[in-house]
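Examination of the molecular architecture
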Amino acid sequence: MKRIFKIVILFIALLSIGILIMLGIDARKTRYLKPENVAHAHMNSYIIKNVNVIPMTQDTILRNKMVYIKEGIIQDITDTIQMEGITVIDGKNKYLTPGLIDMHVHVWDRYELGIYLSNGVTAVRNLWGMPMHLRLKKAVNNDAIISPMFYTTGPKLTSPEFASDDNLELTSPEQAKKKIISFKNRGYDFIKTYYGLTEDVFDAVIEQAAVSDMDIVSHPTPKVPYSYHFHPQIKSIEHAEDIVQQPLDYTLDTLKLKAVVSDFVKSKSGAFSPTLTVYNDIYQMLIDDAMLSNEELQLMNPMIKKVDSKAQFDRWYATKQRDSSIVTRIKQQHDFHIKIIKELHKAGVTIVCSTDAGIGVTIPGSSIHRELAFYKEAGLSNYELLKTATVNASKVHSIMNQMGTVEIGKIANLILIDKNPLEDISALQNPSTVFIKGRKLNRETLDFFEEKATNRNNLIASAVRYAENLIVER
């Protein structure tokens, strides 16, 4: 018996060592994101000259300006700055805008951080929190890696009725309060309520979140009326599709939509986070039987691609085989989502750009440009589009207020682009330079980030981090 026990202990020890080695190898492969390994990353104080500034404080362009950045903070924006012994960067008459903010993502590894930067995204709100994200947040905040500014909810809060290995199932108000206190103490930024919360548990979450000073991000639950989510502690409501699925009862009813829009306006609280791209990707899977072979999917985390991407594709492919009309119905609902955005925007509801990237076949980084294009279809002007991914997003949570505009005192999270995005929003794609907390990343560096993330081989390391979540958060 003792011999068997020793063998088991030895096996566990060897397995643990093997896991640590795999995680260590994966960490070494992303050392290219360390500041010391990134060209110019040591430099966060300089002047940018000959640049057209789009401040996003109003719909205007400040032409041919000089911008002084010191230790990652914007110090001055003016016509002329005379200063000795400081680096001067020639903006070459390009356009300087705030970096983009994606307010609904799912991050699975460090490689994705470089992909976001490559697409001009300088801040992300991760809405599926796990222990690995706390470590990631610490590394970002300590400037141990070059990354978008990183904010994360804790685990998704739901009920046992909607059991899943990736949700935290709350069985009582008391448990809900304890979990939120724990999330606060451990360093999660926000609370995410998810599909399935009952009224008594939801009330406890809201109450404790207020006491613990934690904002709530809400994936609506059908266990309470949709209007129940219009609460000051809830800073954003997610997903256009949930408007269709809940208050509209799976119908594309414009009269019911009018009532929902009216409720939004009356509530005077929170922002709306549409995630149109992730739903449209269902349609893309239905019309493209070779979707899983698409080159862009090489940028997805390999665990997600192998498990979630394939599962979603297989689900919708099988549905199409049973009922070919599903293709038209999904497209019609996507088009109705565009109408939802149009009506909410017309009514003055704050829209924040969000993609749900990182799951299914929704690509990190580039999806933000597709999302903005959908808002364009909804009738937003280019300035209003840019607001959703900059100043609107920065106002949702107080801890994000120091970004989103180009003005004195703000963090120098900026992108430099060749053309005017107020004339052509696609100009935001492939920025020539990205500044993250003042650190200058040129296009060559950004392309290198994407190259390193393409077809990465970290499936097992990702699975280990996911398994950690299942153990720690139960």
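A few points on the structure. For clarity, every value in this text was computed on a predicted model and none was experimentally measured.

**Quick word on the overall build of the chain**
When helices and strands are counted, the chain shows 15 helices and 15 strands. Taking 474 residues into account, the globule formula puts the C-alpha radius of gyration at 23 Å, and the chain, at 23 Å, falls close to it. If one aligns the C-alpha atoms of the chain with their principal axes, the spans along those axes are about 75 × 70 × 50 Å. When each of the 474 residues of the chain is scored for burial, the buried share is 56%. Each charge class in the chain can be summarised by its mean position, and for the 56 positive and 54 negative side chains these summaries are 4 Å apart.

**Here we look at the environment of Tyr279**
As for its position among the elements, Tyr279 is in helix α8 (residues 276-287). Accessibility expressed as a relative area gives 6% for Tyr279, which makes it buried. On a C-alpha basis, the gap between Tyr279 and Gly154 in space is 24 Å, while along the polypeptide they are 125 residues apart. Not counting the four nearest positions on each side in its chain, Tyr279 is found in contact with Glu241, Ile330, Gln333, His334 and His337.

**Structural notes on the side chain of Asp215**
Following the sequence through the fold, Asp215 ends up in the loop between α5 (199-211) and β10 (216-218). Despite its burial, Asp215 pairs with no opposite charge; the closest candidate is Lys235, at 4.4 Å N-O. Separated by 2.8 Å, the side chains of Asp215 and His397 make a polar contact. Look past the residues within four positions of Asp215 in its chain and what remains in contact with it is Phe190, Ile191, Gln233, Lys235, Val396, His397 and Ser398.

**Thoughts on the pairing of strand β3 (residues 73-78)**
Strand residues, when the strand is regular, have side chains that alternate between the two faces of the sheet. Across 5 bridges, the pairing between strand β2 (residues 62-70) and β3 is antiparallel. Residue Met66 lies in a different strand from β3, and its bridge partner there is Thr78. The antiparallel hairpin formed by β2 and β3 contains 2 residues in its connecting segment, where Glu71 sits at a positive phi of about 50 degrees.

**Examining the packing of aromatic side chains**
One pass over the full model with this rule turns up 13 aromatic pairs. Ring geometry for Tyr32 against Tyr111: centres 6.4 Å apart, planes inclined by 50 degrees, an arrangement best described as tilted. With Tyr32 in the loop between α1 (2-29) and β1 (46-53) and Tyr111 in helix α2 (residues 111-118), this pair connects stretches of sequence that are 79 residues apart. Per residue, the accessibility class of Tyr32 equals that of Tyr111, and both read buried. Their ring planes at 65 degrees and their centres at 4.6 Å tell us that Phe230 and Phe264 sit as a pair that is edge-to-face. Placement of Phe230 in the loop between β10 and β11 (234-238) and of Phe264 in helix α7 (residues 254-267) is noted, with a sequence separation of 34 residues between them. A residue is classified by how much of its surface remains accessible, and Phe230, at 15% relative accessible area, is buried. By relative accessible area, Phe264 is classed as buried at 5%. One aromatic cluster is present, formed by Tyr32, Tyr111, Phe448 and Phe449 through successive ring pairs. Of note, Lys156 hangs over the ring of Trp128, and the distance from its end group to the ring centre comes to 3.9 Å.

**Examining the pattern of salt bridges**
Enumeration over the complete set of coordinates arrives at 19 salt bridges. Between Asp281 and Arg370 there is a salt bridge, with its nearest N and O atoms 2.9 Å apart. Taken together, the positions of Asp281 in helix α8 and Arg370 in helix α11 (residues 367-377) put the pair 89 residues apart, joining distant regions of the chain. Of the residues examined, Asp281 reaches a relative accessible area of 4% and is grouped as buried. Residue Arg370 is classed as partly exposed on the basis of its relative accessible area of 28%. Close ionic contact of Asp289 with Lys320 constitutes a salt bridge, the shortest N to O distance being 2.8 Å. With Asp289 in the loop between α8 and α9 (302-322) and Lys320 in helix α9, this pair connects stretches of sequence that are 31 residues apart. According to the relative accessible area criterion, Asp289 is partly exposed, its value standing at 47%.

**Here's the deal with α2**
Burial analysis of α2 places 8 of its 8 residues in the buried class, which makes it a mostly covered element. Buried within α2 are the following residues: Tyr111, Glu112, Leu113, Gly114, Ile115, Tyr116, Leu117 and Ser118. At the exit of α2 stands Gly120, carrying a positive phi of roughly 85 degrees.

**Topic: the environment of Ser324**
Structurally, Ser324 can be placed in the loop between α9 and α10 (326-346). C-alpha of Ser324 to C-alpha of Leu422: the two residues are 98 residues apart in sequence and 40 Å apart in space.

**Focus: the packing of helix α4 (residues 173-186) against α5**
The geometry of α4 relative to α5 is characterised by a closest axis approach of 8 Å and an angle of 30 degrees between their N-to-C directions. When the axes of α4 and α5 are compared, the pair comes out roughly parallel. Handedness of the α4/α5 crossing: right-handed. Between α4, through Pro173, Ala176, Lys177, Ile180 and Ile181, and α5, the contact on the second element is made entirely by Asp200, Val201, Ala204, Val205, Glu207, Gln208 and Ala209. Across the contact of α4 with α5, the residue classes tally to 8 nonpolar, 1 polar and 3 charged.

Quick notes on the rules
Residues numbered from 1 in each chain as written. Predicted model: local features only at pLDDT ≥ 70, side-chain atom pairs only at ≥ 80, totals over all residues. Heavy atoms only, no water. Helix = DSSP H or I, 4+ residues; strand = E, 2+ residues; numbered from the N terminus. Rg over C-alpha atoms; globule rule 2.2 N^0.38 Å. Buried < 20%, exposed > 50% of the residue type's maximum accessible area, 1.4 Å probe, protein only. Lys, Arg positive; Asp, Glu negative; His and termini not counted. Charge placed at Lys NZ, Arg CZ, Asp CG, Glu CD. Contact = heavy atoms within 4.5 Å. Salt bridge = Lys/Arg side-chain N within 4 Å of Asp/Glu carboxyl O. Polar contact = N/O pair within 3.5 Å; in protein donor to acceptor, adjacent residues only side chain to side chain. Pairing = 2+ DSSP bridges. Phe/Tyr/Trp six-rings, centres within 6.5 Å; stacked < 30°, edge-to-face > 60°. Lys NZ or Arg CZ within 6 Å of the ring centre and 35° of its normal. Axes fitted to C-alpha atoms, helices over the stretch in contact; angles between N-to-C directions. Parallel < 35°, antiparallel > 145°, perpendicular 65-115°, else oblique. Left-handed = near helix turned anticlockwise from the far one by under 90°. Nonpolar A, V, L, I, M, F, W, Y, C, P; charged D, E, K, R; others polar.

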